[in-house]
Amino acid sequence: MTLPQTVPIREIREETRTIRTFVLDVRLPQAEPGQFVMLWLPGVDEKPMSIAHPDPLTVTVARVGPFSTALHGRKVGDALGWRGPYGRGFSLPEAGPVLLVSGGCGVGPIYFLAQQAVERGLPTTVALGARTGLDLPYVARFRVLGVELHLATDDGSQGERGYVTELAAHLAERATEPPTLYACGPERMLVVLHRFCREQGISGQLSLERYMKCGFGVCGQCAMDGFLVCQDGPVFDAAQLDGLRDFGAAHRSATGRRLPIR
Ligand SMILES: Cc1cc2nc3c(=O)[nH]c(=O)nc-3n(C[C@H](O)[C@H](O)[C@H](O)COP(=O)(O)OP(=O)(O)OC[C@H]3O[C@@H](n4cnc5c(N)ncnc54)[C@H](O)[C@@H]3O)c2cc1C
Ligand code: FES
């Protein structure tokens, strides 16, 4: 097992009222979009976070509970532990358009993937969704990247009114060539996009979350229908998710209790 290395926080960016980006003083040039690191706050906990940029290592974190709240309380220069990178990331096609879909704090790996897609010259469309315009992260950064950017908010305060899944379906249907679809965000969003990909015959890769402890296939905590999400995923091809009992239905708590996905 790799032990965590402790490094200082180099920079902190306020993305939205609940999302912050942390740039660490370490480089991970080999990391791929969709892979994650285990972040360690000494005395608090250790949690999985997707890589939003590898060099320097950057993560974008939503404040949802004890760990993320403690992390949001850290200042530039404070020490943070990390280990990784872990998991199977996204893979881009050799050619053809790509459609990247992000909901909420799924934006980090989607931004990293968009950067690679643009570098490779792939026609890249990004659909970014959040509850309100105040909760949309990375908008300016995607614009600078030069992707075709579309926004959706539940309340219509920015971009299209409605779910980002509706926007994504609309964008895929009106594309002249079927895009490869990539998504990271809440599981109910992934379920809709999975169905869309399978019904339309579109290739898709979806990034899942399950409770993780070791992060590299030893503890079994992240088991889902015969897969270990930390090792076989977190990115899965849409076809791999066909007929899985727990996809969109259940996850496990820290103690292994099966809980419904809301
Ligand atoms: C592969 C992967 C990548 C992730 N990337 C990001 C990211 O880039 N940005 C981000 O904001 N969040 C990300 N998460 C989710 C993040 O790990 C949890 O939100 C975080 O652990 C919450 O901890 P908490 O104490 O703040 O909140 P809690 O109140 O403890 O939990 C809030 C939610 O996070 C889930 N969670 C808690 N602990 C874990 C854990 N050890 N493993 C997985 N899920 C957990 C809970 O099931 C619950 O749904 C990722 C999760 C996984 C599995
Ligand atoms: S988190 Fe331990 S096996 Fe996946």
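Above: the structure in question.
All of the points below concern the structure found in this document. Computed from a predicted structure; not experimentally measured.

**A short note on the overall build of the protein**
Step number 1: Counting secondary structure elements, the protein contains 6 helices and 18 strands.
Step number 2: Taking 2.2 N^0.38 as the reference for a compact globule, 262 residues should give roughly 18 Å; the C-alpha atoms of the protein span a radius of gyration of 17 Å, in line with that estimate.
Step number 3: Seen through its principal axes, the protein has C-alpha atoms that stretch 50 × 40 × 35 Å.
Step number 4: The burial tally for the protein puts 44% of its 262 residues in the buried class.
Step number 5: Restricting the contact set of the protein to residue pairs at least 6 apart, pairs at least 24 apart contribute 62%.

**Regarding the site of ligand 1**
Step number 1: Around ligand 1, 21 residues are found, and the nearest of them are K47, S50, G65, F67 and S68.
Step number 2: Counting residues per element, the ones that place at least two in the shell around ligand 1 are β4 (45–50), β6 (57–62) and α1 (66–72).
Step number 3: Of the residues that make up the shell around ligand 1, three or more belong to each of domain 1 (5–86) and domain 2 (98–260).

**A word on the packing of helix α4 (residues 164–174) against helix α5 (residues 187–200)**
Step number 1: At their nearest, the axes of α4 and α5 sit 10 Å apart, and the two run at 20° to each other. One element, α4, and the other, α5, form an angle in the roughly parallel class. Seen along the crossing, α4 lies across α5 with a hand that is right-handed. Contacts between α4 and α5 pair V164, T165, A168, A169 and A172 from the former with M189, V192, L193, F196 and Q200 from the latter.
Step number 2: Partitioned by chemical class, the residues of the contact of α4 with α5 number 8 nonpolar, 2 polar and no charged.

**Some points on the sheet that holds strand β8 (residues 98–103)**
Step number 1: Read across the open sheet, the 7 strands follow the order β11-β10-β9-β8-β12-β13-β16; overall the sheet is mixed. Across the chains shown, the open sheet's two edge strands, defined by having one partner strand only, are β11 (160–161) and β16 (235–237).
Step number 2: In terms of strand pairing, strand β10 (residues 148–153) meets β11 through 2 bridges, oriented parallel. Across the sheet, A152 pairs through a bridge with E160, a residue of β11.
Step number 3: Against the sheet, α4 engages β8, β9 (124–130), β10, β11 and β12 (180–184), with an angle of about 160° to β9.
Step number 4: Contacts from α5 reach β8, β12 and β13 (204–207) within the one sheet, and its direction differs from that of β13 by about 165°.

**With respect to the nonpolar core**
Step number 1: In terms of nonpolar packing, the biggest core is built from 68 residues, with L100, V101, A114, A127, A168, A183 and L193 touching the most fellow members.
Step number 2: Element by element, the count of residues in this core is highest for helix α2 (residues 107–119), at 7 residues.
Step number 3: Each of domain 1 (5–86) and domain 2 (98–260) accounts for three or more of the residues forming this core.
Step number 4: Setting aside residues up to four positions removed in sequence, A183 forms contacts with V101, M189, L190, L193, L206 and S207.

Conventions adopted
- Residues numbered from 1 in each chain as written.
- Chains lettered and ligands numbered in written order.
- Predicted model: local features only at pLDDT ≥ 70, side-chain atom pairs only at ≥ 80, totals over all residues.
- Helix = DSSP H or I, 4+ residues; strand = E, 2+ residues; numbered from the N terminus.
- Rg over C-alpha atoms; globule rule 2.2 N^0.38 Å.
- Buried ≥ 20, exposed ≤ 12 C-beta atoms within 10 Å, placed from the backbone.
- Contact = placed C-beta atoms within 7 Å.
- Near = placed C-beta within 6 Å.
- Domains from an automatic or database assignment.
- Axes fitted to C-alpha atoms, helices over the stretch in contact; angles between N-to-C directions.
- Parallel < 35°, antiparallel > 145°, perpendicular 65-115°, else oblique.
- Left-handed = near helix turned anticlockwise from the far one by under 90°.
- Nonpolar A, V, L, I, M, F, W, Y, C, P; charged D, E, K, R; others polar.
- Pairing = 2+ DSSP bridges.
- Core = buried A, V, L, I, M, F, W, Y, C linked by C-beta atoms within 7 Å.

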